[in-house]
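Residue-level structural notes
Residues per chain are reported as follows:
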Amino acid sequence: MRRCEGHLITLKDRPTIDWVRLGLILVPVAFFALGTIRLNWPLMFDERYYLGAAINLVDGGTVVNREHPMLAKEILAAGWWLFGDNIAQIRLLPLLAGTLGLYLSALALRRHTGSPETALIFAILLASGFLLFGLSRLTLLEPFAFMFAALSLYLFVHDRPGASAFAIGLAIGCKWTCVPLAALLFTVHLLRCDWRAACWTAILVPAAYLTTFIPGFMLDIRPAEIVHLHFAMLGRISLFLRGHPYASQWWEWVIGGGAAYLGIAGERVIVLATNPLTALLATLAVISFRDRFLSTAFLLSLVLFVLKPVALIHQFILPHAFAIAALAVWLAPRPRLALALCTISVSAFTLAFPALTGGADPIAPWPRKEMDLSLSPVSQRKLDHAVACLHAPKECYP
C-alpha cells in the first residue's frame, strides 16, 4: 500500500477489469472473425435470387424477386455497387448485420433483465448455436431483418418507442416474418396504457416500411400500385404449393431438427441448423415462462410458421433468438450449469465448424432430407418465368 495526496490506497482500490462486459464485446468480435473464413464459394440456395434482384436494381433499374420487401435487397445492391462481383466481400454485409444483431440483442437483454451475466450467456449460446452463424455468411434477407429487429428491441428497452417503431418497420421492410414482433411491441404499449407510444408505433411502423420502397418508386414501381403490389407479393409467396427442396416443419426446429444441407461443389455442403441440445433446452425454458415477455415473443413469432404450409429453417432465426434468451434467463441463477452448457455449445460449434463453413463433409447428426422439387404446372411456369426474368428483366417488366 502507499499514500497519495493524503489518501491511503490499497490493492482493493485498483480498477479491475469487468470480464462480463468485456465478454459482451469479444463474443461478437470472435463471431465476425470466424465468419470471414471461407466466404468465397459459388452462390447457393436463395442467394442467386436475392443477389440477382440486387444486381438488377443497380444495373437494370428493374425490381425483380417481388415476393419479398425491398430493404435487404437494396443493401445487397449497395454492396454490389461498392464491391462489384466479389462475392466474398458482398457476403461481409450480411455477416456484419448478423454480428450487429448479436451485439444489440445481447445489450437489449442486459437492459431487460438488469443482468450482464444473462446477456453474456445469451451471446455465447446464440453465437455458437449454428443458425445465426450459418445465415450471416449467406446473402439472404434474414440477417438484415434480424439486425433491425434487434435494434428495435434495444431501443424499446431504452424507452425510445418512436425510434423502436421505425426500426421494426425497417425489419419488416427486409422480411415479413418480423410482423409479429411489431404486434407484440404495440400490445405491450397498450397494456402499459402508454397511448402515445402505441400511436407512434401504429404510425411509424408502416411509415418506415413504406420508405423502403422509395428506390422502387424511382425505378419501375408506381406508388399508386403499392396495394396491388402487396397482393402480388402474397401470391408469389405461395409459389411452392407442394413443397420446397429445403422445407422443414416448425416442430422440428424447436427440438433441434429440420436442418438444410446446401450443396456448393460436389459432395461439399454447408449446413443450416440449430444446435440440437441448446434448441431443445431453450424450448423447455420458453415453456417454463420464467420471463413472460420472451416466452410470449417466441410463441407469437412462431405463429406464422404454424400457419404456413411450407417453411424453411432460416426463417426461424427470430424465434430462435427469443428462445435462447429465455434459456439464458433460466441459466443465469445457475452459474455452474450455465458454464457447463456454454462449454458444451462452444465445443459442438468447434466440431461442426467445417460443416458450417463448407470445409468438410457434415459430421453433425441431423438426418439428410430428400429434395422434393415437384410443383404444380402453374407453379412451374411461374418459377421458370422468375428465373428467366433474372436474365432478361426488361422483357418481363417493360
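See above for the structure.
A brief look at the structure comes next. Note that the structure is a prediction, hence the values are computed from the model and not measured.

**Looking at unusual backbone geometry**
- Its identity as a non-glycine residue notwithstanding, Arg 38 has a phi of 55°, on the positive side.
- By the secondary structure assignment, Arg 38 is in the loop between helix 1 (19–35) and helix 2 (47–60).
- The class of Arg 38 is partly exposed, set by a relative accessible area of 41%.

**Some points on helix 6 (residues 116–127)**
- For helix 6, spanning twelve residues, the distance from its first C-alpha to its last is 16 Å, which sits close to the expected 16 Å at 1.5 Å a residue.
- Counting buried positions along helix 6 gives ten out of twelve residues, so the element sits mostly inside the fold.
- Looking at helix 6, one finds that the buried residues are Pro 116, Thr 118, Ala 119, Leu 120, Ile 121, Phe 122, Ala 123, Leu 125, Leu 126 and Ala 127.

**Considerations on the pattern of salt bridges**
- According to the stated counting rule, one finds three salt bridges in the structure shown.
- In this structure, Asp 18 and Arg 21 form a salt bridge, with 2.5 Å as the shortest nitrogen-oxygen distance.

**Description of the side chain of Thr 357**
- Mapped onto the elements, Thr 357 comes out in helix 18 (residues 335–357).
- One polar contact links Thr 357 to Arg 38, side chain to side chain, over a distance of 2.7 Å.
- From its side chain, Thr 357 meets the backbone oxygen of Phe 353 in a polar contact 2.8 Å long.
- Excluding anything up to four places from it in sequence, Thr 357 contacts Arg 38, Trp 41, Phe 133, Arg 137 and Ile 270.

**Focus on a nonpolar patch on the surface**
- On the surface, Ile 255, Leu 277, Leu 280, Leu 281, Leu 284, Ile 287 and Ile 344 cluster together into a nonpolar patch covering about 630 Å² of accessible area.
- At five residues, the largest contribution of residues to the nonpolar patch is made by helix 15 (residues 276–288).
- Mapping Leu 277 onto the fold places it in helix 15.
- Leu 277 sits in the partly exposed class, given a relative accessible area of 38%.

Rules of the game
- The numbers attached to residues start from 1 for each chain and follow its sequence in the written order.
- Local features are withheld for residues below a pLDDT of 70 in this predicted model, meaning they are given only at 70 or higher, and side-chain atom pairs are given and counted only at 80 or more; totals for whole chains, interfaces and linings count all residues.
- Calculation of side-chain values draws on the structure's entire complement of heavy atoms; hydrogens and water are dropped beforehand.
- Runs of H or I in DSSP of at least four residues are treated as helices and runs of E of at least two as strands, each being numbered from the N terminus.
- With a 1.4 Å probe rolled over the protein chains alone, any residue whose accessible area is under 20% of its type maximum counts as buried; one over 50% counts as exposed, and the rest are partly exposed.
- Each residue after the first adds 1.5 Å to the expected span of a helix.
- Only one rule defines a salt bridge in this text: a Lys or Arg side-chain nitrogen within 4 Å of an Asp or Glu carboxyl oxygen.
- Counted as a polar contact is a pair of N or O atoms within 3.5 Å, where, for protein atoms, one must be capable of donating a hydrogen and the other of accepting one, and residues adjacent in sequence contribute only when both atoms are in side chains.
- We call two residues in contact when some of their heavy atoms are within 4.5 Å.
- A patch is a set of surface residues, each over 30% in relative accessible area and not in a salt bridge, joined within 9 Å for like charges and within 5 Å for the nonpolar side chains Val, Leu, Ile, Met, Phe, Trp and Tyr.
- Per-residue and other accessible areas follow the Shrake-Rupley method at a 1.4 Å probe size, with only the shown protein chains counted as cover for residues.

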